[in-house]
Amino acid sequence: MIIEQIKQLVKERFTGEASGHDWHHIERVYSMACFLQENEGGEREIIELSALLHDISDHKLNGGKLNMGGQVATEILTEFNYPEDRIKRISEIIDGVSYKGAGVPDSMTTIEGKIVQDADRLDAIGAIGIARAFAYGGNKNRPLYVPSIDPVHHETFESYAHAEGHTIAHFYEKLLLLKNRLNTHTARKIGEERHQFMEDFLKQFYKEWNTEI
Ligand code: ADP
Ligand code: NI
């Protein structure tokens, strides 16, 4: 079974990755993508393989190269003799999945792509999203918060990918914007609670920061 084989391959590659891109992130995205598919439709196998391979060559892990994921996924699936037309569909999804900055519009057109993107984005918000953001920031030696440095509205993927702000800024540069950039009805419903949790977190964070007792 191709799904099981790819699962094993991805699991081996991601084990021990500490920047928020560990195997468990992939597993959660995979599981959420399956749930969204049950409610929203789309072709199951394309969704499953795209979810498993969506971070296979993230620029944060591959030495800074942007947009390599589709190519790496194509190489892997070709080795498994997976049909070329289906590889192309998966590769397009992987290249379109990332958030590329507040000012960069999303380009996902297929239901399969929309579902995988939603599953990935739901894992970037809520309690897990908060945990991942600080894990990522710590991994990059970023401060939690620097009140004098404002968040940036990134107009290009280049500038977003090279952002070096504090982690609280990342909430305004990405996490709080995702609610309105979810594609499917089911994901939007799930996103509401997770978004509210981040709002509550920030409120409490500033309260403690400012010694408001
Ligand atoms: P995803 O895997 O959801 O596409 P990314 O690959 O963009 O997300 O990033 C992985 C995780 O690290 C996400 O939870 C994201 O919000 C977080 N992250 C990315 N960039 C930053 C940053 N500059 N500061 C803090 N967290 C970040
Ligand atoms: Ni991801």
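Refer to the structure printed above.
This is a predicted model, so every value here is computed, not measured.

Draft legend 1. Summary view of the packing of helix α3 (residues 44-53) against helix α6 (residues 111-122). The interhelical angle for the contact between α3 and α6, taken along N-to-C directions, is 40 degrees, at an axis separation of 9 Å. On the basis of the axis angle, α3 is oblique to α6. Read as a crossing pair, α3 and α6 show a hand that is right-handed. Contact residues: α3 offers Ile46, Ile47, Ser50 and Ala51, while α6 offers Glu112, Ile115 and Val116. Classifying every residue of the contact of α3 with α6 gives five nonpolar, one polar and one charged.

Draft legend 2. Region of interest: the coordination of the nickel ion (ligand 2). Surrounding the nickel ion (ligand 2) are the protein donor atoms His25 (NE2), His54 (NE2), Asp55 (OD) and Asp120 (OD), which sit 2.1 to 2.3 Å from the metal. Counting gaps between the donor residues of the nickel ion (ligand 2) yields the pattern H-x28-H-D-x64-D. You can see His25 sitting in helix α2 (residues 23-40) and its partner His54 sitting in the loop between α3 and α4 (69-79), a full 29 residues away along the chain. Since its relative accessible area comes to 0%, His25 is described here as buried.

Draft legend 3. Local environment of the nonpolar core. Judged by nonpolar contacts, the single largest core of 57 residues is most densely connected at Ile6, Val10, Leu49, Leu53, Ile56, Leu77 and Phe171. The element that contributes the greatest number of residues to this core is α2, accounting for eight residues.

Draft legend 4. Spatial organisation of the side chain of Asp118. Inspection of the secondary structure assignment puts Asp118 in helix α6. Despite its burial, Asp118 remains without a salt bridge, the nearest opposite charge being carried by Arg121 at 6.1 Å. Setting aside anything within four residues of it in sequence, one finds Asp118 in contact with Leu36, Arg181, Leu182, Asn183, Thr184 and Ala187.

Thresholds applied
Residues numbered from 1 in each chain as written. Chains lettered and ligands numbered in written order. Predicted model: local features only at pLDDT ≥ 70, side-chain atom pairs only at ≥ 80, totals over all residues. Heavy atoms only, no water. Axes fitted to C-alpha atoms, helices over the stretch in contact; angles between N-to-C directions. Helix = DSSP H or I, 4+ residues; strand = E, 2+ residues; numbered from the N terminus. Parallel < 35°, antiparallel > 145°, perpendicular 65-115°, else oblique. Left-handed = near helix turned anticlockwise from the far one by under 90°. Contact = heavy atoms within 4.5 Å. Nonpolar A, V, L, I, M, F, W, Y, C, P; charged D, E, K, R; others polar. Donors = N, O, S within 2.8 Å, 3.2 Å for Na, K, Ca; no water. Buried < 20%, exposed > 50% of the residue type's maximum accessible area, 1.4 Å probe, protein only. Core = buried A, V, L, I, M, F, W, Y, C linked by side-chain atoms within 4.5 Å. Lys, Arg positive; Asp, Glu negative; His and termini not counted. Salt bridge = Lys/Arg side-chain N within 4 Å of Asp/Glu carboxyl O.

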